[in-house]
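Here's the letter readout for the chains.
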Amino acid sequence: MKKKSSKIEKEKQVVKWMVELYCRKKEGNEELCPECLLLLDYAYKRLECCKFGEKKSSCQRCPIHCYKKDMRKRMKQIMRFSGPRMLLYYPIAALKHMLQ
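Heads up: these notes are all about the structure in this document. For clarity, every value in this text was computed on a predicted model and none was experimentally measured.

1. A short note on the nonpolar core
Residues Val 15, Val 19, Cys 36, Tyr 67, Met 75, Ile 78 and Met 86 are the most contacted members of the largest nonpolar core, which totals 24 residues. At the level of secondary structure, the elements contributing two or more residues to this core comprise α1 (7-26), α2 (34-48), α3 (69-89) and α4 (91-99). Of the residues forming this core, the biggest block, 9 residues, is contributed by α1. Ignoring sequence-local partners within four residues, the contact set of Met 86 consists of Val 14, Trp 17, Met 18, Leu 21, Pro 91 and Ala 94.

2. Looking at the packing of aromatic side chains
The relation between two aromatic rings is expressed through the spacing of the ring centres and the mutual angle of the planes. Applying the stated rule across the entire model yields 3 aromatic pairs. With centroids separated by 4.3 Å and ring planes inclined at 10°, the aromatic side chains of Trp 17 and Tyr 90 adopt a geometry described as stacked. Of this pair, Trp 17 sits in helix α1 while Tyr 90 sits in the loop between α3 and α4, placing them 73 residues apart in sequence. Centre to centre, the rings of Tyr 22 and Phe 81 are 5.5 Å apart; their planes meet at 90°, and the pair counts as edge-to-face. You can see Tyr 22 sitting in helix α1 and its partner Phe 81 sitting in helix α3, a full 59 residues away along the chain. With relative accessibility at 4%, the residue Tyr 22 sits in the buried group.

3. Some words on the environment of Cys 33
With respect to the helices and strands, Cys 33 occurs in the loop between α1 and α2. Residue class for Cys 33 comes out buried when judged on its relative accessible area of 16%. Along the backbone, Cys 33 and Glu 20 are 13 residues apart, and their C-alpha atoms lie at a distance of 9.4 Å.

4. Examining the pattern of salt bridges
By the definition in use, this model includes 6 salt bridges. Across the pair Glu 9 and Lys 12 runs a salt bridge, and its minimum N-O distance is 3.5 Å. Here the residue Glu 9 and the residue Lys 12 both occupy positions in helix α1, the gap between them amounting to 3 residues, near one helical turn. Look at Lys 12 and you get buried, because its relative accessible area is 10%. Of the charged contacts, one joins Arg 74 and Glu 35 as a salt bridge, the two residues approaching to 3.7 Å between their closest N and O atoms. With Arg 74 in helix α3 and Glu 35 in helix α2, this residue pair connects regions lying 39 residues apart in the sequence. A relative accessible area of 52% means that Glu 35 is categorised as exposed. Connected via shared salt-bridge partners are Glu 9, Lys 12 and Glu 48.

Rules and cut-offs
- Residues numbered from 1 in each chain as written.
- Predicted model: local features only at pLDDT ≥ 70, side-chain atom pairs only at ≥ 80, totals over all residues.
- Heavy atoms only, no water.
- Core = buried A, V, L, I, M, F, W, Y, C linked by side-chain atoms within 4.5 Å.
- Buried < 20%, exposed > 50% of the residue type's maximum accessible area, 1.4 Å probe, protein only.
- Helix = DSSP H or I, 4+ residues; strand = E, 2+ residues; numbered from the N terminus.
- Contact = heavy atoms within 4.5 Å.
- Phe/Tyr/Trp six-rings, centres within 6.5 Å; stacked < 30°, edge-to-face > 60°.
- Salt bridge = Lys/Arg side-chain N within 4 Å of Asp/Glu carboxyl O.

In structure tokens form, the structure reads like this:
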């Protein structure tokens, strides 16, 4: 029997796809650059420490902003670029994420 992924793990996967898309398509890197790797690691830590846990809403709707200002600015930039492209590269995941 397949174990169901937690909401946090699914969120981590979506963030990973978005950062990879940005780094590959916007910055032209074949692999994650050090800045994107640092941001991804930071995002994972923030998700793991989320006080709402499995009941978390999207970060955009969260009343608590747990990202440092510079990291939040960078993540917004990545999401603006990658969000629409998720429909092309990961359509099912993008639709599920938008419906949450």
